[in-house]
2 protein chains.
Amino acid sequence: MQNENLKPNEIGIFALGGLGEIGKNMYCVEYANELIIIDSGILFPDDNLMGIDYVIPDYTYLIDNQVKIKGLFITHGHEDHIGGIPFLLKQVKIPMIYANGLALGIIKKKMEEYPELKVKYHEFTENETVRFDKMEVNFFRTNHSIPDSFGIAIDTPQGTIVHTGDFKFDFTPTSNDANYAKMAWIGDKGVLCLLSDSTNAELDDFTESEKEVSATIHDLFKSIAGRVIIATFSSNVHRIQQIVEASIQTNRKIAVFGRSMEKTIEVGSALGYIHAPDGTFLYSRNMTGISRKNLTILCTGSQGEPMAALSRIASGTHKQIALIPGDTIILSSSPIPGNQESVNKTINLLYKNGASVITKSPFADVHASGHGGKNELKLMLKLMKPKYFMPIHGEYRMLKTHAALAIDCGVHANNVYVLDNGQILALSKDSGRMAGKVPTSDVYVDGLAIGEIGSQVIKDRRELSKDGLLSVIMTINQDRHEVICTPTIISRGFIFMKDNEQMIKTLQTLALDVTDHYLEIGKKININGIKNDLVKSLGKYIFEKTNREPMITPVIMVL
Amino acid sequence: MQNENLKPNEIGIFALGGLGEIGKNMYCVEYANELIIIDSGILFPDDNLMGIDYVIPDYTYLIDNQVKIKGLFITHGHEDHIGGIPFLLKQVKIPMIYANGLALGIIKKKMEEYPELKVKYHEFTENETVRFDKMEVNFFRTNHSIPDSFGIAIDTPQGTIVHTGDFKFDFTPTSNDANYAKMAWIGDKGVLCLLSDSTNAELDDFTESEKEVSATIHDLFKSIAGRVIIATFSSNVHRIQQIVEASIQTNRKIAVFGRSMEKTIEVGSALGYIHAPDGTFLYSRNMTGISRKNLTILCTGSQGEPMAALSRIASGTHKQIALIPGDTIILSSSPIPGNQESVNKTINLLYKNGASVITKSPFADVHASGHGGKNELKLMLKLMKPKYFMPIHGEYRMLKTHAALAIDCGVHANNVYVLDNGQILALSKDSGRMAGKVPTSDVYVDGLAIGEIGSQVIKDRRELSKDGLLSVIMTINQDRHEVICTPTIISRGFIFMKDNEQMIKTLQTLALDVTDHYLEIGKKININGIKNDLVKSLGKYIFEKTNREPMITPVIMVL
């Protein structure tokens, strides 16, 4: 039962996802025969992963150690922390999902789409202790860009492991305060190891407060004479509430566009996170009777996603909203790394079509990040006073920067561990060491299938995207050892066939030449030999002629 | 002869490239029967243009008006200003290319690869006036991130048109000063219209001076105890000279890696822009005898280009350089929009492999942009005092921001023109108006071919990259109206065939069903009908089963 990498008195700590990357967060704490999972997220892939919808962790270790699993604890309701739950449940039996408030609401809504999956929930409260045989779990409220975000403290016989979740410190938040007292109390009792959010470790000082964002949005709504079109992350319930309040105060009705935004408003209103008097939202989308200065259009697309409402508005392809002179667009967001280009494209289109655009800048606090900067990370370190430190949630440079901050704040340099996914940190009350690895890899989710997309398929897609494909199809009569008709050449993404008749003819001749000496009567026809030679010979000709390397797929039909 | 969009006394000004984008700069000034071209650049495409090497402007207008062309004037030697020259010369006869110093050197070097193209050069000097029948061209030196950058002033009977080229104002540059006196003189004589660089219009205040960069690099080289690995734009001759000087002062030899860097050092040294005593460069690449603190490794890859030296060093795949403890990497550059992600990846890898990394930050002036910020743009406006203003070089938001600056600086709002590529601004000494459009579009260069790649091919590549391709090949006997053998299904980038035998069988059955009723004896076989139905029917089944939409290509062989 005991993890063979660990000594009997050691706690094992490792990530199945979330180290060296932003996304697919999943951390495990293991002691004796008990295993606790924190979060189960997805990662949204970059353009290199052609056509892949999400990336999730490899759950092999959990499948193999299912019997140890005590529960899945959720820090908050963002997709990079909960998006993997359906995929996890398909493969691993989870005795209980522990979550609070909005996170639980979002998970339940999500699981409605998977009625075949059995799942048990427990809504934890901040004052509760969840007890297992060897481990106990406590919670502390933090500030983040979604309500009901929590840090998790796991007491073990060897000491306490604290996982911050995603956090910042907002001294003037729009909803609950962080629970400073509880953090200080946990720190005072003694923390063996702190796992802390590194996303904004490179940001100097503090993040802006949501209160400043509220004030800015209110001032803008007041000063703008025409329609306000405002886009934000659909999960940012605080921001939506700020927009609701600013709209009410400036006599604006709110029309909502974008499915995920509608969904958040539905869940957020049902659970009491979004308060708006009846008639604030224009559910009918009938905006005709309302003058421009009384209208807020709240929409998705703050990341420049090509199919989202804002991109369609910008490009003039939105069915219900056309830009009109005097429109002001507010991007209440910042581009996630990788989305900078698509956001720029959207902004350029909006400008071009005559709109004014306001983005986050030193002069317009229209957005605040959900992740703490250097001074917030230091405050957490000072509250928790950990003996060991392990930066989590972030690319490698962020983890390294956070590690340096921890050393600045008094953690001994030998006690700071910057790990990769899968690497096991083994801790006892008076020792720390690296203790091997559990299997980890990226598993691709594409369409309805999990993990079915191998790296070969991705490699093929990448190759196809570069120079396209050329197929040569030959039909051979097996009795007469003869090619029956002219080889068929088809191509996609390479060149336009009808513009290149001469090249087609040459390729056909080449294909016949190659095949010829394989067709000697009396010998068995070597199909693979023909195929290999076709790829080589046609490929060489095409490269010489065009400097391109389409994927060449030969098909030999033997009749 | 006279452009039909223009009245006899009007000057026509338009861009074939460079408006609403960063790249493929090409501006035309036309008066009566004379046409002057300024710059001929390429644009490096983003990931959306699958496999395309460069984008160039459509030269149709120049082909149609070849007889008017007086010459091509080059502002400076960057690829987005000169990279299009070989493609232009293939299609358009250019009587003379006017360029100065380093730009001319780089163009000549480039044209060695195209011995079949006839080209005539004239090296202009700053004090020279190039005279045509109706127009005269004068030059003024500017500061930019490459030596020998010039602005161009075209005198016409209606007034003077000034094109700034790319510029900044550096009061303490590493090479020549900008020619403030000549700019002031041109402005004082009177400028009808100013075309000015908008790339950094969103940057507040001034760009850093190269002198500060020199000092920072020198201090870093002095304080770093191990090897310095420094990457920068290979065209940045100033920066290379700064690195040479810092290396000499700190007793470092310089090993150079990356073909384009070697080429710049060759051209730059030959033309006297790079000065280094013999023995400064380790041409042999033999670094074994030299201690770490005496070594500078100067390399390409500051944009995270996957095949460049720095990326290979970071990933441990460089043949000659392996990272060793104590290495410090300096990125003396800033990411060009679109490259942020690949730069981040490289930095993460470098950190992970134990190197220290220094990038441009408020605490480390290791790079200065070549484009002026708001106050520099205002200074240019004040020196030139134009009646009309047209922002150039930049995405739409930058052009708009620059337009607002011009109005702030006293240009009448009605006299500011933010144009698209192709739109003609028609000016006389006392009137300005929009006057139609010349044809413009993006022409793709891929492999050896220009313009052969149509948008359909790009669309195909994009589609292929998403879900791959599935081909169904059927052989029909035309006498018996029968399918001869089981349909062949091949796929690439969709799913792995051997893992999905059941699906293949179903697709084969579906294909036979679809074809069946087209094979009635006595009727002509409708091949296109079969193909359309195959795409529809197989596509529907695949989408239901997998939620994916591979490109489906049916091939029907009729024997």
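Residues numbered from 1 in each chain as written. Chains lettered and ligands numbered in written order. Predicted model: local features only at pLDDT ≥ 70, side-chain atom pairs only at ≥ 80, totals over all residues. Heavy atoms only, no water.

(A) Molecular detail of the overall build of chain A. Within chain A, the secondary structure is distributed over 15 helices and 26 strands. Structurally, chain A occupies a C-alpha span of about 90 × 70 × 45 Å along its principal axes. Burial analysis of chain A (559 residues in total) assigns 58% to the buried set. Taking the intrachain contacts of chain A between residues at least 6 apart in sequence as the baseline, contacts between residues at least 24 apart amount to 72%. Taken as a whole, chain A presents about 22,500 Å² of accessible surface, with 50% of it coming from carbon and sulfur. (Helix = DSSP H or I, 4+ residues; strand = E, 2+ residues; numbered from the N terminus. Buried < 20%, exposed > 50% of the residue type's maximum accessible area, 1.4 Å probe, protein only. Contact = heavy atoms within 4.5 Å. Areas by Shrake-Rupley, 256 points an atom, 1.4 Å probe, with all protein chains shown as cover.)

(B) Broad picture of the packing of aromatic side chains. All names here are of chain A. On inspection of all chains with the given rule, the structure shows 27 aromatic pairs over all chains. Put simply, the rings of F73, Y98, F124, F132, F139 and F150 touch in pairs and so form one group of aromatic residues. Its guanidinium or amino end placed over the ring of W185, K189 lies 4.5 Å from that ring's centre, counting from NZ or CZ. (Phe/Tyr/Trp six-rings, centres within 6.5 Å; stacked < 30°, edge-to-face > 60°. Lys NZ or Arg CZ within 6 Å of the ring centre and 35° of its normal.)

(C) Examining the relation of the copies chain A and chain B more closely. Mapping chain A onto chain B is achieved by rotating through 180 degrees and translating by 0.2 Å along the same axis, at an RMSD of 0.4 Å. Expressed as a symmetry operation, the mapping of one chain copy onto the other fits a two-fold axis. The position closest to the rotation axis in chain A is occupied by the C-alpha of A:S465, lying 2.5 Å away. Comparing interface residues between copies, 100% of those in chain A also lie at the interface in chain B; the contact surface is shared. (Least-squares fit on C-alpha atoms with pLDDT ≥ 70 in both.)

(D) Focus on the layout of surface pockets. As a volume, the second largest pocket reaches approximately 270 Å³. Taken together, A:T486, A:P487, A:T488, A:I490, A:R492, A:Q508, B:K531, B:T553, B:P554, B:V555 and B:I556 form the lining of the second largest pocket. Listing elements by their share of the lining of the second largest pocket, those giving two or more residues are β25 (488-492) of chain A together with β26 (551-558) of chain B. In terms of residues, the lining of the second largest pocket owes the most to one element, β26(B), which gives 4 residues. (1 Å grid on protein atoms, 1.4 Å probe; cavity = no way out; pocket = protein on both sides within 12 Å on 5 of 7 lines; lining within 4 Å. Points joined across faces, edges and corners; volume = space filled by probe spheres on them.)

(E) Representation of unusual backbone geometry. The phi dihedral of A:H393 falls on the positive side, at around 55 degrees, and the residue is not glycine. Following the sequence through the fold, A:H393 ends up in the loop between β18 (388-392) and α12 (396-408). The class of A:H393 is buried, set by a relative accessible area of 2%. We note that B:K24 has phi near 40 degrees; this positive angle belongs to a residue other than glycine. Along the chain, B:K24 falls in the loop between β1 (11-17) and β2 (26-31). You can call B:K24 buried: its relative accessible area is 1%.

(F) Structural view of the packing of helix α4 (residues 101-111) of chain B against helix α8 (residues 259-270) of chain B. All names here are of chain B. Two numbers describe how α4 lies on α8: the axes approach to 10 Å, and their chain directions differ by 125 degrees. Taken together, the axes of α4 and α8 lie oblique to each other. As α4 packs across α8, the resulting crossing turns out to be right-handed. Where α4 abuts α8, its residues L102, G105 and K109 lie against K263, E266 and V267. A class-by-class count of the residues in the contact of α4 with α8 yields 2 nonpolar, 1 polar and 3 charged. (Axes fitted to C-alpha atoms, helices over the stretch in contact; angles between N-to-C directions. Parallel < 35°, antiparallel > 145°, perpendicular 65-115°, else oblique. Left-handed = near helix turned anticlockwise from the far one by under 90°. Nonpolar A, V, L, I, M, F, W, Y, C, P; charged D, E, K, R; others polar.)

(G) The arrangement of the interface of chain A and chain B in detail. Between chain A and chain B, the contact holds 60 residues from the first and 60 residues from the second. Between chain A and chain B, a total of about 5,100 Å² is buried, with carbon and sulfur atoms accounting for 59% of that surface. For chain A, the biggest contributors to the area lost against chain B are A:R397, A:R492 and A:R548; these three give 12% of the whole. Across the pair A:D420 and B:K352 runs a salt bridge whose closest N-O atoms are separated by 3.0 Å. (Buried area = accessible area lost by both parts, 1.4 Å probe. Salt bridge = Lys/Arg side-chain N within 4 Å of Asp/Glu carboxyl O.)

(H) Molecular detail of the environment of A:D166. Residue and element names in this part refer to chain A. Residue placement: D166 occurs in the loop between β11 (159-163) and α5 (180-189). The class of D166 is buried, set by a relative accessible area of 3%. The spacing of D166 and A435 is 269 residues in sequence and 26 Å in space, taken between C-alpha atoms. At 2.8 Å, the side chain of D166 forms a polar contact with the side chain of H393. (Polar contact = N/O pair within 3.5 Å; in protein donor to acceptor, adjacent residues only side chain to side chain.)

(I) Representation of the state of the cysteines. Residues and elements named next belong to chain A. On inspection of all chains with the given rule, the structure shows 0 disulfides over all chains. C28 takes part in no disulfide bond, and the closest cysteine sulfur, belonging to C193, lies 14 Å away. Judged by its relative accessible area of 0%, C28 is buried. (Disulfide = S-S within 2.5 Å.)

(J) Up close: the sheet that holds strand β13 (residues 228-232) of chain A. Residue and element names in this part refer to chain A. A sheet is described by the order of its strands in space; here 5 strands give the open sequence β14-β15-β13-β16-β17, paired in parallel fashion. Strands with a single pairing partner mark the edges of an open sheet, and in this sheet they are β14 (253-257) and β17 (356-359). Strand-to-strand twist across the sheet, computed as the mean angle between neighbouring axes with direction ignored, equals 20 degrees. With 4 bridges joining them, β13 and strand β15 (residues 295-299) adopt parallel strand pairing. Residue pairing across strands places I230 opposite L298, the latter belonging to β15. Against the sheet, helix α6 (residues 210-223) engages β13, β15, β16 (328-332) and β17, with an angle of about 175 degrees to β16. (Pairing = 2+ DSSP bridges.)

(K) Representation of the packing of α12(A) against helix α10 (residues 340-352) of chain B in the model. With their axes 8 Å apart at the nearest point, α12(A) and α10(B) run at an angle of 50 degrees to one another. When the axis of α12(A) is compared with that of α10(B), the two are oblique. The residues of α10(B) that touch α12(A), namely those facing A:Y396, A:R397 and A:K400, are B:N344, B:I347, B:N348, B:Y351 and B:K352. Here the contact of α12(A) with α10(B) is built from residues that sort into 3 nonpolar, 2 polar and 3 charged.

(L) Fine view of the sheet that holds strand β20 (residues 431-437) of chain A. All names here are of chain A. A sheet is described by the order of its strands in space; here 8 strands give the open sequence β7-β6-β5-β3-β2-β1-β19-β20, paired in mixed fashion. Looking along the sheet, the strands with just one partner apiece sit at the ends: β7 (121-123) and β20. Across this sheet, the average inter-strand angle for adjacent strands is 25 degrees, counted without regard to direction. Examined bridge by bridge, strand β2 (residues 26-31) and strand β3 (residues 34-38) share 5 bridges and lie antiparallel to one another. Across the sheet, residue Y31 finds its bridge partner in β3, namely E34. Along the sheet, helix α4 (residues 101-111) contacts β6 (97-99) and β7; its crossing angle with β7, the most-contacted strand, is approximately 160 degrees.

(M) Representation of the domain arrangement of chain A within the structure. The assigned domain composition of chain A is domain 1 (11-205 + 369-446), domain 2 (210-358) and domain 3 (455-558). Its C-alpha centre places domain 1 of chain A at a distance of 52 Å from the equivalent point of domain 3 of chain A. (Domains from an automatic or database assignment.)

(N) Representation of the pairing of strand β16 (residues 328-332) of chain B in the model. Residues and elements named next belong to chain B. Across the 5 residues of β16, 5 count as buried, placing the element largely inside the fold. Residues of β16 alternate between two faces, with T328, I330 and S332 on one and I329 and L331 on the opposite face, all of them buried. In the sheet, strand β13 (residues 228-232) pairs with β16 via 5 bridges, with the strands oriented parallel. Each bridged residue has a counterpart across the sheet, and for A231 the counterpart in β16 is L331. When β16 meets strand β17 (residues 356-358), the two strands line up parallel, connected through 3 bridges. Across the sheet, I329 pairs through a bridge with V357, a residue of β17. Between β16 and its parallel partner β17, the chain crosses via α10, and the hand of that crossover is right-handed. (Right-handed = clockwise from strand over helix to strand, strands pointing away.)

(O) Inspection of the pattern of salt bridges at higher detail. All names here are of chain B. Following the criterion strictly, the structure yields 43 salt bridges over all chains and no others. In this structure, the salt-bridge partner of E21 is K24, at a minimum N-O distance of 3.1 Å. For E21, a relative accessible area of 12% corresponds to the buried category. Between R397 and E202 there is a salt bridge, and its shortest N-O distance comes to 2.8 Å. Of the two residues, R397 is situated in helix α12 (residues 396-408) and E202 in the loop between β12 (193-197) and α6 (210-223); the sequence distance between them amounts to 195 residues.

(P) The confidence of the model for chain A, seen in detail. Across chain A, the average pLDDT comes to 90, with 96% of residues at 70 or higher. ipTM for the predicted complex: 0.71, alongside a pTM of 0.79. (pLDDT = per-residue confidence, 0-100.)

(Q) Quick peek at helix α5 (residues 180-189) of chain B. Residues and elements named next belong to chain B. By the burial criterion, the buried members of α5 are K182, M183, I186 and G187. For α5, the angular spread of the buried residues around the axis is 135 degrees, confining them to a single face. Every exposed residue of α5 that faces more than 90 degrees away from the buried side is listed here: A181 and D188. Where α5 is buried, its residues meet β9 (136-142), β10 (149-156), β11 (159-163) and α11 (374-384). (Arc of directions from axis to C-beta.)

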